[in-house]
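# Structural features, examined
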Amino acid sequence: KIQFQFLHSKIKDFLYSKINKNTIDQYHFILANMWEEKIYENDNAVFKIAYHYNNTKNKNKILKYNTLAYKKALSFYSLSEVAHYMLKILNLYFENKTFNLEIINILIESSLVLQTLGKVEESFYYLNKGLKLFSKDISLEDEINILSTIGNGYYYLNDLSNALKY
C-alpha cells in the first residue's frame, strides 16, 4: 500500500503550480472514486471523498458527499467541520442560483452553527445572500425564520437595537 502526503503546504503549492489544473482535477476525481470504493471499510472515508470531489466539477457528488460529511461531523459534535461542509453546499447552491426547500434548512442550520462558533457576521453574510437570491421562491414562514436567525445573531452580539429590527 503506497500512501503520499505532503509534509509542508509550500511543497504542495510548488508541485501544484507545475501541474495543469485539469490534470489536478482528474487526480482528485480518481482519488475520490478510489475512496468511494472503500467507504464501507473506513468510517472517515466520507471526509476524504468530499475533499477530493470538492476539487472537481462533479456537482452531484459534491452535494452528496458534503451532505454525508456534515452529517458525520455532526455525529462527532465537530461544529467547525459541520460548518465547513454545510458552507460548501450553500456556496454550490449560491453559485448555481438553484433553489429548493432543503437549501433553506441548510441555510438556517449552518447559520446557527456559525453563530454557535462565534462567527455571527459570517452567518449574516449567508443569511442575507440567501434572502437576496431566493426571496421570490421562499415562503413567508421561511423568510421569518431567516430574519429571526439574523435577529438572534444581533442579540448574541449584544446589539439589541439591531436585534429588535428583526
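For the structure itself, look to the data block above.
It should be emphasised that the depicted structure is a prediction, and the values quoted were computed from it without experimental measurement.

In this section: the overall build of the chain. Along the chain, the regular secondary structure elements total 9 helices and 0 strands. Reading the chain from its N end, one meets helices and strands in the order α-α-α-α-α-α-α-α-α. Seen along its three principal axes, the alpha-carbon backbone of the chain occupies a region of about 60 × 35 × 30 Å. For the chain, the residues scored as buried account for 36% of the 166 residues in total. Contacts in the chain between residues far apart in sequence, at least 24 positions, make up 46% of those at least 6 positions apart. Counting only carbon and sulfur atoms, one obtains 54% of the accessible surface of the chain, whose full area is about 10,900 Å².

So, on to the packing of helix α5 (residues 79–96) against helix α7 (residues 120–134). The interhelical angle for the contact between α5 and α7, taken along N-to-C directions, is 30 degrees, at an axis separation of 11 Å. With respect to their mutual orientation, α5 and α7 come out roughly parallel. With respect to the hand of their crossing, α5 and α7 are arranged in left-handed fashion. On α7, the residues touching Leu87, Leu90, Asn91, Tyr93 and Phe94 of α5 are Glu122, Tyr126, Lys129, Gly130, Leu133 and Phe134. For the contact of α5 with α7, a count of residues per class yields 7 nonpolar, 2 polar and 2 charged.

Turning our eyes to something else, we now look at the packing of aromatic side chains. According to the stated counting rule, one finds 11 aromatic pairs in the structure shown. Judged by centre distance (6.0 Å) and plane angle (75 degrees), the ring pair of Phe29 and Tyr53 falls under edge-to-face. A residue pair is termed long-range when its members are at least 10 positions apart, and Phe29 in helix α2 (residues 21–37) and Tyr53 in helix α3 (residues 45–54) qualify at 24 residues. When the ring of Phe47 is compared with that of Tyr85, the centres are 5.8 Å apart and the planes differ by 35 degrees; the resulting orientation is tilted. One end of the pair, Phe47, is in helix α3; the other, Tyr85, is in helix α5, and 38 residues separate them in sequence. One exposure class covers both Phe47 and Tyr85, and it is buried. Three or more aromatic residues joined by ring pairs form one cluster here, namely Phe94, Phe99, Tyr125, Tyr126 and Phe134. The lysine or arginine in question, Lys12, covers the ring of Tyr16, its NZ or CZ lying 5.3 Å from the ring centre.

Cut-offs and rules
Residues numbered from 1 in each chain as written. Predicted model: local features only at pLDDT ≥ 70, side-chain atom pairs only at ≥ 80, totals over all residues. Heavy atoms only, no water. Helix = DSSP H or I, 4+ residues; strand = E, 2+ residues; numbered from the N terminus. Buried < 20%, exposed > 50% of the residue type's maximum accessible area, 1.4 Å probe, protein only. Contact = heavy atoms within 4.5 Å. Areas by Shrake-Rupley, 256 points an atom, 1.4 Å probe, with all protein chains shown as cover. Axes fitted to C-alpha atoms, helices over the stretch in contact; angles between N-to-C directions. Parallel < 35°, antiparallel > 145°, perpendicular 65-115°, else oblique. Left-handed = near helix turned anticlockwise from the far one by under 90°. Nonpolar A, V, L, I, M, F, W, Y, C, P; charged D, E, K, R; others polar. Phe/Tyr/Trp six-rings, centres within 6.5 Å; stacked < 30°, edge-to-face > 60°. Lys NZ or Arg CZ within 6 Å of the ring centre and 35° of its normal.

By themselves, these observations are geometric and do not establish any function.
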